[in-house]
Amino acid sequence: MDVLSTGSTVHVSTGNNLTKVEHPLDPLTPDEARIYPSCPISLINAVTLTIRRYTAEHTDIRAVNFNNCALLPPPKRAVLAALGIPISPGGKPETPGKDIRKAVSDFFDVLNGVAYNVILALEDGEWKVESLQRLPVGTQPQITVEELVNCELVVRSDAKVQALAKEVGVEPHQIFADGWAIGWDDRFPKGQRLQQALLFARFSQHDNLYAHPLDFIPVIDSLARKVVHIDFPPSWKKKSGGSVELSVSTTQPQSLSKDSFSVANRARIPPPLTSHDFLSDLMENANPNYKERGDLKPLHVIQPEGVSFKMRGHVLEWQKWKMHGKAYSHREGIVLSTITYNDNGAILPIFYRLSIAEMAVPYGAPEYPHPRKFAFDSGEYGMGSLANELSLGCDCLGKIHYLPGAYVTHSGAALVIKNAICIHEEDAGVLWKHSDFRPGGRSRTVRSRRLVVSMVCTAANYEYIWNYYFYQDGNIEIEIRLTGILQVYVAGLDEPTPYGTTVAPGINAHYHQHIFSVRVDPMLDGLQNSVIESEIVGLDAPTGSNENFAGNGFVIKDRILKSQVEDGARDFNWASERRWCIANLNKTHYASGKPVSYAIMMKASFAHKQLWVVRDEEGPKGSRIFPSGRYVPQTREEPEDSVGKWVKEGKGSIENEDIVLFLTLGTTHIPRPEDWPVMPVEHVGVLFKPSSFFTSNPSMDVPGIKDSQSRPAFDTHNANAQHINVTNGAECCAN
């Protein structure tokens with residue numbers, strides 16, 4: 001079986017002991033060994049084996065390819081009851097019921113390409129099928145890692161692809177392909193499972209293949225494993241006066257019956273041959289003058305007494321925070337659940353579930369087939385499935401605790417990604433400080449530390465880094481870092497690039513966006529929460545008036561979002577600095593009188609509708625999780641189970657209800673030559689900040705510890721009297 005080179009391995013269980021489920025949200029993993037018909041196999045394998053047996057005994061399905069397999073989470077109230085967390089301010093936890101483990105899986109009938117969804121329940125130590133549903137024609141589960149790998153094999157072995165590549169100097173063994181979902185292209189049958197293959201040449205073993213893009217794009221049938229069409233994008237040329245024109249009269253797709261190259265009305269474009277490598281040994285070989293910087297001194301993160309966090313099973317605790325910290329999802333990557341804060345013995349519920357639920361990357365070139373470059377990386381491929389195996393001392397520094405991830409392969413076996421999730425602590429600068437400037441005054445500085453839960457995902461050319469930060473002052477931050485290599489297309493000699501940047505000769509990096517949907521399932525002091533929208537406005541009274549003589553007065557105008565249809569989709573307003581907070585209207589702060597809340601501070605928010613609020617509804621298939629729907633590839637209409645439909649067709653109130661928020665944030669990427677050949681990290685994110693949630697600053701008990709390992713950077717007895725550090729304020733940490 002072909003897998004990505006992230007250190008992943010197919011897991012074969014050898015245990016024979018029943019592993020107790022410590023937390024109702026513990027995922028299906030290969031580490032939970034169960035005896036199933038006297039044969040020790042992993043729990044994921046037990047689920048898939050049950051499905052195979054059921055389909056063989058009760059259906060006409062004779063061969064199965066698994067697409068995904070995961071825990072179907074229990075209802076919220078059941079989870080909170082099991083954990084002893086109350087659902088209302090000052091209330092008592094509900095009585096726990098029987099915990100029934102459930103699983104959900106999508107699979108294909110190999111012989112006819114039909115997709116199915118199945119739900120199972122664990123009863124008396126055995127998995128049993130509860131429901132089996134045939135998916136409608138055109139409904140496609142996510143594209144698997146194996147399908148992405150097979151896409152490259154299919155195009156490389158296709159005779160027509162080989163001939164076309166040879167025409168521009170590329171041999172068959174030099175053909176490489178990034179498989180992409182085809183998005184929306186109604187020229188093809190609705191039920192055909194397709195990928196588009198973005199082609200590149202690789203002229204040596206580890207050569208940066210993105211430096212050599214090819215000028216045609218095959219489309220493959222993933223199930224039949226064959227090329228079904230080849231598209232040739234048109235080209236651009238300069239006109240007198242500085243304008244540009246396309247080699248064809250329209251940006252629309254042409255009929256499949258037409259010869260795509262003839263329609264493109266342009267010459268073949270050979271790939272650029274210049275290497276643009278990122279591996280140091282290859283850069284040295286290509287450029288004898290290349291040399292890595294030699295003046296960078298080591299910087300070590302040392303924790304001589306160990307870490308301050310602890311884990312019991314999948315439960316993570318650190319500095320008054322407690323959460324279910326190992327809910328690896330093949331689709332979302334990291335999922336953190338049942339997040340609480342211990343406020344001097346009072347356990348305060350904050351978030352039931354946090355995740356980056358979707359990511360869309362639309363590209364801006366209008367000429368076909370480039371508009372098909374519209375990736376929904378989470379929904380179409382699964383960010384968890386694309387996770388890297390992280391390296392100690394490289395991806396994460398200091399004392400690190402790693403957690404594995406696991407997803408199902410076509411065969412039904414569990415594939416384990418070792419070190420998929422990294423947990424560690426970081427210094428985060430000054431937490432708070434004050435100095436009494438008066439003679440003899442004292443001062444105090446307290447440094448901040450944060451807990452980091454992170455993972456790195458490779459989506460073909462791009463890398464995405466998920467960072468979840470927890471701070472000692474009650475703040476929670478989700479930071480997304482973008483790096484990797486630009487998605488590029490070949491440009492002809494002197495060809496203008498009106499919808500991209502020529503980052504190197506012959507290499508056109510199209511304009512694009514990275515749009516993220518952060519899913520927030522709050523439980524601020526209980527499940528009944530609301531969203532308050534605030535705007536900063538100046539006083540109506542004019543300057544010089546009795547009410548506003550200096551003209552400096554401004555106030556905050558608050559409005560509770562009430563109707564799901566009317567208020568469920570909100571835009572940001574820069575003029576009034578519109579902001580939102582999640583609040584529990586049933587509990588107020590003793591001094592401010594305001595509802596306990598967490599403010600939402602978005603960094604790099606943009607796009608249409610920055611905030612979506614819907615009432616959560618839990619059904620047989622779980623909660624409202626995915627803003628773009630469960631089944632994303634080749635979607636042609638807005639899915640019924642997507643956030644747009646939920647808002648449009650929602651009935652009733654979102655005030656004082658069990659609500660879910662989807663926050664839209666991201667960045668528009670206009671590529672620069674400095675982004676090539678590998679892009680420096682770019683940051684987007686969101687901060688959740690307590691507001692009237694705690695009595696006062698919850699970090700007042702963090703000690704002001706002076707770091708005994710810190711030293712002056714330069715010799716204080718420097719003969720040249722330059723760069724001399726002094727030790728004024730040495731006791732400022734606790735003076």
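Residues numbered from 1 in each chain as written. Predicted model: local features only at pLDDT ≥ 70, side-chain atom pairs only at ≥ 80, totals over all residues. Heavy atoms only, no water.

Looking now at unusual backbone geometry. That bond from Tyr368 to Pro369 is cis: its omega, 10°, falls within 30 degrees of zero. With respect to the helices and strands, the residue Pro369 is situated in the loop between strand S18 (346-362) and strand S19 (374-376). Geometrically, the link from Trp676 to Pro677 is a cis peptide bond, its omega value of 5° lying close to zero. Examined against the element boundaries, Pro677 turns out to sit in the loop between strand S35 (659-669) and strand S36 (679-691). The phi torsion at Asp124 lies on the positive side, around 55°, for a residue other than glycine. For Asp124, the location among the structural elements is in the loop between strand S6 (115-123) and strand S7 (126-134). The class for Asp124 is exposed, based on a relative accessible area of 78%. The backbone of Ser692 shows a phi angle near 60°, a positive value even though the residue is not glycine. By the secondary structure assignment, Ser692 is in the segment after S36. Residue Ser692 is classed as buried on the basis of its relative accessible area of 18%. (Helix = DSSP H or I, 4+ residues; strand = E, 2+ residues; numbered from the N terminus. Buried < 20%, exposed > 50% of the residue type's maximum accessible area, 1.4 Å probe, protein only.)

Here the focus is helix H1 (residues 43-58). The end-to-end C-alpha separation of H1 is 22 Å, in line with the 22 Å expected for 16 residues at 1.5 Å each. Taken together, the buried positions of H1 are Leu43, Ile44, Asn45, Ala46, Val47, Thr48, Thr50, Ile51 and Thr55. (Expected span 1.5 Å × (residues − 1).)

We now examine the sheet that holds S6. Strands sit in the order S4-S5-S6-S7 across an open sheet of four strands; the sheet is antiparallel. Each edge of the sheet is formed by a strand with only one pairing partner; in this case those strands are strand S4 (64-72) and S7. Taken pair by pair, the neighbouring strands of this sheet meet at an average axis angle of 25°, ignoring direction. Pairing geometry for S6 and S7, over eight bridges, is antiparallel. Looking at the pairing, Val118 lines up with Leu132 of S7. Against the sheet, H1 touches S4, strand S5 (102-109), S6 and S7, its axis set at about 60° to S7. (Pairing = 2+ DSSP bridges. Axes fitted to C-alpha atoms, helices over the stretch in contact; angles between N-to-C directions. Contact = heavy atoms within 4.5 Å.)

The next subject is the packing of aromatic side chains. Taken as a whole, this structure holds 23 aromatic pairs when the rule is applied. Judged by centre distance (6.1 Å) and plane angle (85°), the ring pair of Trp466 and Phe516 falls under edge-to-face. Here Phe516 lies in strand S28 (residues 512-522) and Trp466 lies in strand S23 (residues 462-471), a separation of 50 residues in the sequence. One aromatic cluster is present, formed by Trp321, Tyr341, Phe351, Phe470, Tyr598, Phe688, Phe693 and Phe694 through successive ring pairs. Against the face of Phe176 rests Arg202, its NZ or CZ located 5.2 Å from the ring centre. (Phe/Tyr/Trp six-rings, centres within 6.5 Å; stacked < 30°, edge-to-face > 60°. Lys NZ or Arg CZ within 6 Å of the ring centre and 35° of its normal.)

Overall, the coordinates contain one disulfide when judged by the stated rule. One disulfide bridge connects Cys396 with Cys422, the sulfur atoms lying 2.3 Å from each other. Of this pair, Cys396 sits in the loop between helix H7 (377-381) and strand S20 (401-408) while Cys422 sits in strand S21 (residues 414-435); the two residues are 26 residues apart in sequence, bridging distant segments of the chain. As far as the burial class goes, Cys396 and Cys422 line up, both buried. Here Cys394 is not disulfide-linked; the sulfur of Cys396 is the nearest cysteine sulfur, at 9.0 Å. Its relative accessible area of 59% is what places Cys394 among the exposed residues. (Disulfide = S-S within 2.5 Å.)

The buried count for strand S17 (residues 335-343) comes to eight of nine residues, which makes it a mostly enclosed element. One ladder, built from eight bridges, connects S17 with S18; its direction is antiparallel. If you follow Asn342 over to S18, its bridge partner there is Ile347. Adjacent in sequence and paired antiparallel, S17 and S18 are bridged by two residues, among which Asn344 carries a positive phi angle near 55°.

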